[in-house]
Structure formats: C-alpha cells, structure tokens
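Per-entry structural report
If you want the building blocks of each chain, they are given just below.
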There are 2 protein chains.
Amino acid sequence: MDKQTVTIYDVAREAEVSMATVSRVVNGNTNVKPATRKKVLDVIDKLDYRPNAVARGLASKKTTTVGVIVPDVTNMYFSSLARGIDDIAAMYKYNIILTNSDSDDEKEVQVLNTLLSKQVDGIIFMGNEITDQLREEFKRTKTPIVLAGSVDDQNINPSVNINYAAAVQEEVKNLIDRGNKRVAFVCGPLKYAINGKYRLKGYKQALKDAGIPFDEKLIFETDSKYKTGTLLQPALSSAGATAAVATDDELAAGIMNGMTDAGVLVPKNFEVITSNDTKLTEMVRPKMSSITQPLYDIGAVAMRLLTKLMNDEPVNEKEVLLPYGLMKRESTK
Amino acid sequence: MDKQTVTIYDVAREAEVSMATVSRVVNGNTNVKPATRKKVLDVIDKLDYRPNAVARGLASKKTTTVGVIVPDVTNMYFSSLARGIDDIAAMYKYNIILTNSDSDDEKEVQVLNTLLSKQVDGIIFMGNEITDQLREEFKRTKTPIVLAGSVDDQNINPSVNINYAAAVQEEVKNLIDRGNKRVAFVCGPLKYAINGKYRLKGYKQALKDAGIPFDEKLIFETDSKYKTGTLLQPALSSAGATAAVATDDELAAGIMNGMTDAGVLVPKNFEVITSNDTKLTEMVRPKMSSITQPLYDIGAVAMRLLTKLMNDEPVNEKEVLLPYGLMKRESTK
DNA sequence: CTGAAAGCGCTAACAG
DNA sequence: CTGTTAGCGCTTTCAG
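Now for a look at the structure at hand. All figures in this text were calculated on a predicted structure; none of them were measured in a lab.

A short note on the layout of surface pockets
- By volume, the largest pocket amounts to about 1,100 Å³.
- Surrounding the largest pocket, 45 residues form its lining, Thr-64, Lys-93 and Asn-95 of chain A together with Thr-114 and Lys-118 of chain B being those nearest its centre.
- When contributions to the lining of the largest pocket are tallied by element, the ones reaching two or more residues are α4 (53-60), α5 (76-91) and β2 (95-100) of chain A together with α4 (53-60), β2 (95-100) and α6 (105-117) of chain B.

In structure tokens:
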C-alpha cells in the first residue's frame, strides 16, 4: 500500500542536493542559500512531495500530536472543552487524537497506554475521577499530562479548572438569601472529587454560613443524565426542597422539565440553577440560570499550558483557576 | 526526551531470542513455540516494554489511526456521528485524529493534507460541501475516504447517509395533509448540496404532489444557528407560513422559541419539525417532532465501511442509505 | 520455529 | 552553506 511514493531522497536527487539540505528547507532551517532553497522548493512542488510525518516522528522523537481523553464528546460540556483544545492545538501545529473513555477506569488506563505507545507529545485528560491506578500511570510517564475541567484531589498534574467550591457556595448563598431554606444539591456521583469534595464543600459552607443545618435528604446523587433529572420531581418535592443546584446542564434541564410537567412552576415555586453554562441553558424554557464557566477557554488554556510543558518552557502556574461567574436567567427569581 | 527507553532490542537480548521473535509474539504471530513465547512475554512484562507505534508505522506502513474531519464537534449532530465513529474505530483497534474544519474550504484541504502526511490509514469526512478542489484532493490519494452524514453530488467517494430528499418530502407532505398551505423551508446554506439539492428537492416534490405552487418567499436560507432561528418569527409570520421544516435542531429550537416568545403558539398556530433528532429535541418545550436519523449509526457504519476499505475487503455498497423515520412529538399537531 | 539483515523516510550530529 | 553518516524502533523477507 504505497500511500506515498515520493520521498526526501527523490527530491534530493532531482534537485541535485543532499537529503540533508532538503530536510533543512522543509524544516525552515535558515542555513540554506536562497538559490538552493528555491531549487529545492521547486522540485518539491513539481514532485508533489509531502514529508512523511511518521518517519519524521521516529527520527525526531516528536509527533506533533497530542492525546485527548474525554468521557464523551457527545456531552456539550466536554465537546466545548475539546473545541478549545483543538483550536489551540491547531494554532501550534499539533493534531489531536481524541478518545472517548465513558469514564470507565479500565478504558482510561488502556487508552492512555495506547496514546503513549503512539508517542504523543502530550496528553490532555478530562475525566471525573483520577483513580489510584490512573494516577500511577500518570506518574510513570515523562509525557506531560494536563487535566482540563477535571480535578485530582492530590493535585499532581497541572490542571485548569474553576473554583468549583466557591462557585457552588456562591450560588447556594444566593438561593438562601432569597429565602430558600431547603436547597437541594443534585449532582453526579459523589465519589468524583469534583462533586463529593469540592462542590459539596461549597454547598455545605453556604449552609453553615447561613446557620442552616445540613440535611442528607437534600443530597441527590445521580448519573448526571437528562432522563434522570426528569424523574426527580417527586423526590425533590417530598424532601421539601424549594430550589436545586445541579452539577450538569442536561441534568438541570431534566429537573426543570420534570418540575414543569408536574405543574410545579419554575422559578415561582421552585428555583433551579445549573453549573456548566453550555448553550443548552439558553435553549430550554425557562432559560436556566447558571454558574458560568469559560468552557472553551478551559480547553484552550489547558492546551496552551501543554505546549509549554512539551517545550520545557517554564510555567508559573501549574494549577490554573479561571474565573467563573453567575448568570441570572429565568430559572431563578 | 526519552519518552520510552526500552526497545524491542532490549527484550530480545534479555529473553535471549532475536528481535524478530519478539516482534512475532508482540504481533500474535502463531509461529512461535509456546515456551519461547512465554519467555518473551515474561520479559516484556518485567521490562514493561511497550511497542513504539511510530516505528511500527514506519516499518509496516500502517498507523492504525484514521483521520476524522468535522465542521464542529460542538454541534450535537456531528458529535453524535463522531461518537459512533470512535466506538467502532476502537473496536477495530484504530484511533481517531479529530479535526474541526469550521466548514472552511481552505482548512479542509489543509487538514486533509496534514492527515495524509501523518499517514493515516483512512479518513472520514463530514462536511457540508465538497468543493472541486477538495474533490481533486480526494482523488489524488489512495488513502480511502468515506463521507459520513455528508453528501457529494458527484458521488465519488463511498458515503453513508439517509435519503434526505425523501425524508423532507414525507414530512412536508404530512404538514400539507394536516392543512398547512404555506410551509416554510428553513435551511442552512443552499449552496450545500444536502440543502440546495436534496432537501429542497424533497420539499418541492411534496408541494408539487399536493398541487401547491412553489413560493420563493417561503424559503429561508440561514446559517443553521440557534440564534438565527430565534430571530425568524417576524419574517415567517409575514410570509404567511403556518409551519416550518428546519434542517437543523438548534435552528429549529430557535424558531420555536422565537415563535413562542412572540406569543405564537406551537403547534397550535405554528407547527415546526426538525431534521436531526438529536437529544435536544426532547429537552425543549414543546418537544420537537423530527425526522429521525440514526446519527450514531451513520458514524458507526461509515467507520465500519472504512475498515473494509482499509483492508481491501470487498464492499457491496459504496453508497449506503440508512433508514430514517418521522418522530411525532409535540411541535406538530 | 527462529535468526540475520535490509530497510521504512527522515533528522541530527559532525565534518568540511 | 552543504554533504555524509548514523541511527530512530520496528516489520519483513529470506534462509535455515
């Protein structure tokens, strides 16, 4: 299967120079006389020569491709991050190998290893949980790995996130300030640090600050799916909740629709606020109030950080926290 | 930057065999005595040897990675396809290099070339339009390329789609049968064959079958964006449309919300039906009726087709049309 | 069933 | 400014 027949050797011969010279002009090395450069360029054009990146990768030990591990591209939160990553990657002439892990621990380590075997220059990991095994794998390799929109409670790898705890704390505080005594916390699996450790912490802190006792019954641990949200109304109502903060937009949309369908008016009788500010927040009715996260930027900054790491450039911040905000729309009073 | 230090040579020496033998066990070649196989495997495990896929790619001329070109992963239509592609790719041990083209002609050919230079074994292209230049590039390479959810009116490359014309025709017919005399066709750019050629054809045919004259004023050419949809109500209303078929779910959601916000009841006073059946259709209110497309499957089938092409296996169908359906939800009567 | 040897196409010293 | 020469790590005949 001769995908490509013309090699650097062909153009060298045709241009009557050495392959080293061809290599130099291809790589933009300045130490080439303009005349020979032109000659080589002409031959390259004439022969339609296209450098073989695989050979180049083998010789130079750089592939200009980075691996991206993501739970599911189909989820707008992650696809937004992925878009930011790819754009910056393209800007720096990298390509992305994108793999879906379904947050499956085994798949994650397996995929990490195939990425490593493909000699990617770096990896961006998005995932809900860094298991011990995964953390070990991370440590074993010298290939730089940065986490995007994903927290590791042991903070070993560089990462870019927002301050989830503070964001949740702030939104819960607002809810309480508006008179909600019973605010539900509807989240994804609590075993994920981002939920169980950070967001929940913010939730509890807000309660504490307001002198409201924590009530286990108001914590709803889910799978973050839209469908699940739609089914929550009975439980939420019987728990006496008058508001909910959800950790995922689809989940929040489900909650809201479930409420509305059951005749509970949002936000009049039940307020809901979500966490990711994907474009879904604008499409549902009422529009959802949300913590705003610079999703695209989280990906972009993570990729930018990775480029520095890959070039052994100094980085001043290994744990960057991007600013978040609170966007009031129609699902809160 | 020694990403990896242990090579096939190391394990060969340590296991006291030749590197050819190591290569054989790594590649599952059966011509190896069980005893030596075990010995080699043990050493591999002990040394934590991981084959270098780049070297392997150079030697074997196969990279087990395929390129995927997509307008924007952030769009649920495409991310759904991408997910199908990646799943099947993983099943066949391929990885995906994912690139966003923004439907930019130049970017598309440029990205195609970098993919080719990276020696991908195959490419899946998703895009709204195959320009002449792109078509030329497609022809020039021996690397198999299949189109997923994308039509080329010259049908040169293998592709997997649904019958867009028939689907639109059917949904417009239904709308007409329910008494709508003036059905708007709200689409993305008409220069894209999928819109201007296929879907519009179906629209016109339905009109013709019903003896309704075609009216230019009912064609709304847009950029397929949600926002654009929200702004369409005045134009739609003044054109006397009582229903609309939209070629994109986000666009349709925009139209619907725009109508609702203007006090036009959907579906009572205005019916809308969309085309992609992404999960968004279930999240908005009223839920959107839609042509159903097996999005995931389109990607999956395209990838499966590509695997056959990459292995020079015979394929009986180069242009596969997957079944579509019509899902009645709440935005139509 | 196993080994020797010749590349795959390119980069990177090292000379000159 | 340019050429020579080793490899990069692995697959793949070809022998035996």
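Let us keep going from here.
Examining helix α8 (residues 164-177) of chain B
Residues and elements named next belong to chain B.
- Its 14 residues place the ends of α8 20 Å apart at the C-alpha level, agreeing with the 20 Å of an ideal helix rising 1.5 Å per residue.
- Buried within α8 we find Tyr-164, Ala-165, Ala-167, Val-168, Glu-171, Val-172, Leu-175 and Ile-176. All buried residues of α8 lie within an arc of 165° about the axis, which places them on one face of the element.
- Backbone geometry just downstream of α8 places Gly-179 in the positive-phi region, at approximately 105°.

Digging into the relation of the copies chain B and chain A
- Superposition record for chain B on chain A: RMSD 0.1 Å, screw rotation 180°, translation along axis 0.0 Å. Here the two chains are linked by the operation of a two-fold rotation axis. Across chain B, the rotation axis passes nearest the C-alpha of Ile-97 of chain B, at a separation of 2.2 Å.

Topic: the protein's contact with DNA strand D
- The environment of DNA strand D is formed by 25 residues, the closest being Thr-21, Arg-24 and Thr-36 of chain A together with Ile-8 and Tyr-49 of chain B.
- Counting only atoms of DNA strand D within 4 Å of the protein, the sugar-phosphate share comes to 59%.
- A distance of 3.1 Å separates a phosphate oxygen of DNA strand D from a polar atom in the backbone of Asn-52 of chain B.
- Of all the secondary-structure elements, those providing two or more residues to the surface near DNA strand D are α2 (19-26) and α4 of chain A together with α2 (19-26) and α4 of chain B.
- A per-element tally of the surface near DNA strand D places α4 of chain B first, with 4 residues.
- Residue composition of the surface near DNA strand D, by class: 12 nonpolar, 9 polar and 4 charged.

Some points on unusual backbone geometry
- Residue Pro-267 of chain A is bonded to the preceding Val-266 of chain A through a cis peptide linkage, with omega at 5°.
- Relative to the helices and strands, Pro-267 of chain A resides in the loop between α12 (249-261) and β9 (271-274).
- Backbone geometry at Asp-102 of chain B places phi at a positive 55°, although glycine is not the residue there.
- In this structure, Asp-102 of chain B sits in the loop between β2 and α6.
- Since its relative accessible area comes to 38%, Asp-102 of chain B is described here as partly exposed.

Examining the protein's contact with DNA strand C
- In the vicinity of DNA strand C, 26 residues are found, and the nearest of them are Ile-8 and Tyr-49 of chain A together with Thr-21, Arg-24 and Thr-36 of chain B.
- Here Ile-8 of chain A contributes a backbone N or O atom positioned 2.3 Å from a phosphate oxygen of DNA strand C.
- One of the side-chain N or O atoms of Tyr-49 of chain A is found 2.5 Å from a phosphate oxygen in DNA strand C.
- Of all the secondary-structure elements, those providing two or more residues to the surface near DNA strand C are α2 and α4 of chain A together with α2 and α4 of chain B.
- Grouping the amino acids of the surface near DNA strand C by side-chain chemistry returns 12 nonpolar, 9 polar and 5 charged.

Side note on the interface of chain B and chain A
- Between chain B and chain A, the contact holds 57 residues from the first and 57 residues from the second.
- Carbon and sulfur atoms make up 48% of the area that chain B and chain A hide from each other, which totals about 5,300 Å².
- The tally of links from chain B across to chain A stands at 10 salt bridges.
- Residue Asp-48 of chain A pairs with Arg-140 of chain B through a salt bridge whose shortest N-O separation is 3.0 Å.
- Linking chain B with chain A are 32 residue pairs in polar contact (both at pLDDT 80 or more).
- Elements represented by at least two residues in the side of chain B that touches chain A include exactly α4, α5 (76-91), β2, α6, α12 (249-261) and α13 (280-283) of chain B.
- Among the elements that take part in the side of chain B that touches chain A, β2 of chain B stands out by supplying 6 residues, more than any other.
- Looking at side-chain class alone, the side of chain B that touches chain A contains 19 nonpolar, 18 polar and 20 charged residues.

What about the packing of helix α8 (residues 164-177) of chain A against helix α9 (residues 193-210) of chain A?
Residue and element names in this part refer to chain A.
- It is the contact of α8 with α9, at a shortest axis distance of 7 Å, that shows an interaxial angle of 35°. Crossing of α8 against α9: the hand is right-handed. Counted together, Tyr-164, Ala-165, Val-168, Gln-169, Val-172, Lys-173 and Ile-176 of α8 and Ile-194, Tyr-198, Arg-199, Lys-201, Gly-202, Tyr-203, Gln-205, Ala-206, Leu-207, Asp-209 and Ala-210 of α9 form the full contact between these two elements.
- The residue makeup of the contact of α8 with α9, split by class, is 11 nonpolar, 3 polar and 4 charged.

Digging into the nonpolar core
- Counting 162 residues, the largest nonpolar core has Tyr-203, Phe-270 and Met-303 of chain A together with Tyr-203 and Met-303 of chain B as the members making the most contacts within it.
- Non-local contacts of Met-303 of chain B, meaning those with residues more than four positions away in its chain, are made with Val-66, Ile-85, Ile-88, Ala-89, Tyr-94, Ile-124 and Met-310 of chain B.
- Counting 30 residues, the second largest nonpolar core, distinct from the first, contains Val-109 and Phe-125 of chain A together with Val-111 and Leu-115 of chain B.

Some remarks on the sheet that holds strand β9 (residues 271-274) of chain B
All names here are of chain B.
- The strand order across the open sheet formed by 6 strands is β7-β6-β8-β9-β10-β12, and the pairing between neighbours is mixed. The sheet is open, and its two edges are formed by β7 (219-221) and β12 (325-327), each paired on a single side. Strand-to-strand twist of the sheet, defined as the mean angle between neighbouring strand axes without regard to direction, takes the value 20°.
- Against the sheet, helix α9 (residues 193-209) engages β6 (183-187) and β7, with an angle of about 165° to β6.
- Lying on the sheet, α12 is in contact with β6, β8 (243-246), β9 and β10 (289-292); it crosses β9 at an angle near 165°.

Quick look at the sheet that holds strand β7 (residues 219-221) of chain A
All names here are of chain A.
- The strand order β7-β6-β8-β9-β10-β12 describes an open sheet built from 6 strands, whose pairing is mixed. Each edge of the open sheet carries a strand with a single partner, namely β7 and β12 (325-327). Strand-to-strand twist in this sheet, taken as the mean axis angle between neighbours without regard to direction, amounts to 20°.
- As paired strands, strand β8 (residues 243-246) and β9 are joined by 3 bridges and run parallel to one another. When the sheet's bridge partners are listed, Ala-243 is paired in β9 with Glu-271.
- Lying over the sheet, α12 contacts β6 (183-187), β8, β9 and β10 (289-292), oriented at roughly 165° with respect to β9.

Reading the values: the criteria
Residues numbered from 1 in each chain as written. Chains lettered and ligands numbered in written order. Predicted model: local features only at pLDDT ≥ 70, side-chain atom pairs only at ≥ 80, totals over all residues. Heavy atoms only, no water. 1 Å grid on protein atoms, 1.4 Å probe; cavity = no way out; pocket = protein on both sides within 12 Å on 5 of 7 lines; lining within 4 Å. Points joined across faces, edges and corners; volume = space filled by probe spheres on them. Helix = DSSP H or I, 4+ residues; strand = E, 2+ residues; numbered from the N terminus. Expected span 1.5 Å × (residues − 1). Buried < 20%, exposed > 50% of the residue type's maximum accessible area, 1.4 Å probe, protein only. Arc of directions from axis to C-beta. Least-squares fit on C-alpha atoms with pLDDT ≥ 70 in both. Near = heavy atom within 4 Å. Polar contact = N/O pair within 3.5 Å; in protein donor to acceptor, adjacent residues only side chain to side chain. Nonpolar A, V, L, I, M, F, W, Y, C, P; charged D, E, K, R; others polar. Contact = heavy atoms within 4.5 Å. Buried area = accessible area lost by both parts, 1.4 Å probe. Salt bridge = Lys/Arg side-chain N within 4 Å of Asp/Glu carboxyl O. Axes fitted to C-alpha atoms, helices over the stretch in contact; angles between N-to-C directions. Left-handed = near helix turned anticlockwise from the far one by under 90°. Core = buried A, V, L, I, M, F, W, Y, C linked by side-chain atoms within 4.5 Å. Pairing = 2+ DSSP bridges.

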